[in-house]
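Chain by chain, the residues run as shown.
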Amino acid sequence: MKYWLMKSEPEVFSIDDLAKSKNQTTYWDGVRNYQARNFLRDEIKIGDKVIFYHSNSEPPGAAGICEVVKEGYPDFTAFDPENHHYDPKSKMDSPTWFMVDIKLIKKFFHFVSIDEMRENKKLQTMKLLQRGNRLSVIPLTKQEYDEIVRLGK
DNA sequence: GCCAACGTTGGC
DNA sequence: GCCAACGTTGGC
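Below, the structure is looked at part by part. These numbers were taken from a predicted model, which means no experiment stands behind them. (Residues numbered from 1 in each chain as written. Chains lettered and ligands numbered in written order. Predicted model: local features only at pLDDT ≥ 70, side-chain atom pairs only at ≥ 80, totals over all residues. Heavy atoms only, no water.)

**Here's the deal with the overall build of chain A**
Just so we agree on the cut-off: Starting at the N terminus, helices and strands are each numbered in turn, a helix being any DSSP run of H or I of at least four residues and a strand any DSSP run of E of at least two. Radius of gyration means the value over C-alpha atoms here, while the globule rule gives 2.2 Å times the residue count to the 0.38 power. It only takes one pair of heavy atoms within 4.5 Å for two residues to be counted as in contact. Accessible surface is estimated by sampling points in the Shrake-Rupley manner with a 1.4 Å probe; for residues, cover comes only from the protein chains shown. Asp and Glu are treated as the negative residues and Lys and Arg as the positive ones, with His and the ends of the chain left uncounted. A charged residue contributes its charge at one atom only: NZ of Lys, CZ of Arg, CG of Asp or CD of Glu.
Scanning chain A from N- to C-terminus turns up four helices and six strands. Element order for chain A, N to C, with α for helix and β for strand: β-α-β-α-β-β-β-α-β-α. Rg of the C-alpha trace for chain A: 15 Å, near the compact-globule value of 15 Å for 153 residues, within the 12% margin. Principal-axis analysis of the C-alpha atoms gives chain A an extent of 45 × 30 × 30 Å. Partitioning the contacts of chain A with sequence separation of at least 6, the portion at a separation of at least 24 is 74%. A total accessible area of about 8500 Å² is found for chain A, and carbon and sulfur atoms account for 50% of it. Here chain A holds 24 positive side-chain charges and 23 negative ones, and the gap between their average locations is 5 Å.

**Describing the protein's contact with DNA strand B**
Note the cut-off: The near set for a molecule or strand comprises every residue that places at least one heavy atom within 4 Å of it. Here a polar contact means two N or O atoms within 3.5 Å. Within protein one must be a hydrogen donor candidate and the other an acceptor candidate, and residues neighboring in sequence count only if both atoms are side-chain atoms. Residue polarity follows a fixed list, in which Ala, Val, Leu, Ile, Met, Phe, Trp, Tyr, Cys and Pro are nonpolar, Asp, Glu, Lys and Arg are charged, and the others, Gly among them, are polar.
Surrounding DNA strand B, one finds K7, Y53, S55, N56, P60, I114, R118, N133, R134 and L135. Across the atoms of DNA strand B situated within 4 Å of the protein, the share located in sugar and phosphate is 68%. Contacts to DNA strand B include K7, whose side-chain N or O atom sits 2.8 Å from a phosphate oxygen. For DNA strand B, a phosphate oxygen lies 3.0 Å from a polar atom in the backbone of N56. Broken down by class, the residue content of the surface near DNA strand B amounts to four nonpolar, three polar and three charged.

**Points about the protein's contact with DNA strand C**
Inspection of the region around DNA strand C gives Y34, K89, R131, G132 and R134 as its neighbouring residues. Backbone atoms, meaning sugar plus phosphate, form 65% of the atoms of DNA strand C positioned within 4 Å of the protein. Residues of the surface near DNA strand C, tallied by class, amount to one nonpolar, one polar and three charged.

**Comments concerning the packing of aromatic side chains**
The criterion, for reference: To pair, rings of Phe, Tyr and Trp, with the six-membered ring standing in for Trp, must have centres within 6.5 Å; the planes then decide the type, stacked if under 30 degrees apart, edge-to-face if over 60, and tilted in the middle.
In the structure shown here, the tally under the stated rule is six aromatic pairs. Plain terms: the ring middles of W4 and F39 are 5.1 Å apart, the flat faces sit at 55 degrees to each other, and that makes the pair tilted. A residue pair is termed long-range when its members are at least 10 positions apart, and W4 in strand β1 (residues 3-8) and F39 in helix α2 (residues 34-43) qualify at 35 residues. Ring plane angle 40 degrees and centroid distance 4.7 Å describe the contact between Y34 and W97, whose orientation is recorded as tilted.

**Let's talk about the environment of N83**
In this fold, N83 is placed in the loop between β4 (61-74) and β5 (98-113). Along the sequence, N83 and G30 sit 53 residues apart, while their C-alpha atoms lie 9.7 Å from each other.

**Structural notes on the nonpolar core**
Note that soluble globular proteins tend to have their nonpolar side chains buried in a common cluster. The test is simple: To form a nonpolar core, buried Ala, Val, Leu, Ile, Met, Phe, Trp, Tyr and Cys residues must be joined to one another through side-chain atoms within 4.5 Å. Using a 1.4 Å probe on the protein chains alone, a residue whose accessible area is under 20% of its type maximum counts as buried, one over 50% counts as exposed, and one in between counts as partly exposed.
Ranked by internal contacts, the top residues of the largest apolar core, which has 40 residues, are I44, M117, V137 and I148. The element best represented in this core is β5, accounting for six residues.

**Comments concerning the layout of surface pockets**
As a reminder, the rule being used: We place a 1 Å grid over just the protein atoms. Points where a 1.4 Å probe fits but has no way out form a cavity, open points with protein on both sides within 12 Å along at least 5 of 7 lines form a pocket, and any residue with an atom within 4 Å of a point lines it. Grid points are joined across faces, edges and corners, and a volume is the space filled by probe spheres set on the points.
Roughly 660 Å³ of internal volume is contained in the largest pocket. Looking at the largest pocket, it is lined by 18 residues, and the ones nearest its centre are K7, S8, E9, D29 and H85. Listing elements by their share of the lining of the largest pocket, those giving two or more residues are β1 and β2 (25-27).

Structure, rendered in structure tokens:
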């Protein structure tokens, strides 16, 4: 089993939106970065755990835990010219972009802000905290994942 | 294949 | 709203 951190802007889609979704499940659409795409297509498996991270918010931080319930399949929003994430390069018969489905396990009792993560000794090596990081799907070690979950309660 | 210009991300 | 960092694009 692997561990991941996925970023979402809560103005667009927050953990509360996920909690209100049918079966508390959503498809993770709109990833348009090749490195993140490779994770979604090739590496993220059913049962993997995901930290749901709020980016571009006040404050940014980890909001809860999810589980992968469907593995990489074509991101259909890329095929829809009306969609904000439309990409004419992605074809139905050879899709460029992929997504997975995730289901909410729980919203953290305590929101773990990025400041709190920066101050935590066990989380120093997280890619999330490294300078200039812009990846929206980030692998975590089990130790990092467990520590965030511990902080979030 | 280089690299300047441009667009996006995301913390602050 | 600013801007550093980074990825992508496109002219050459």
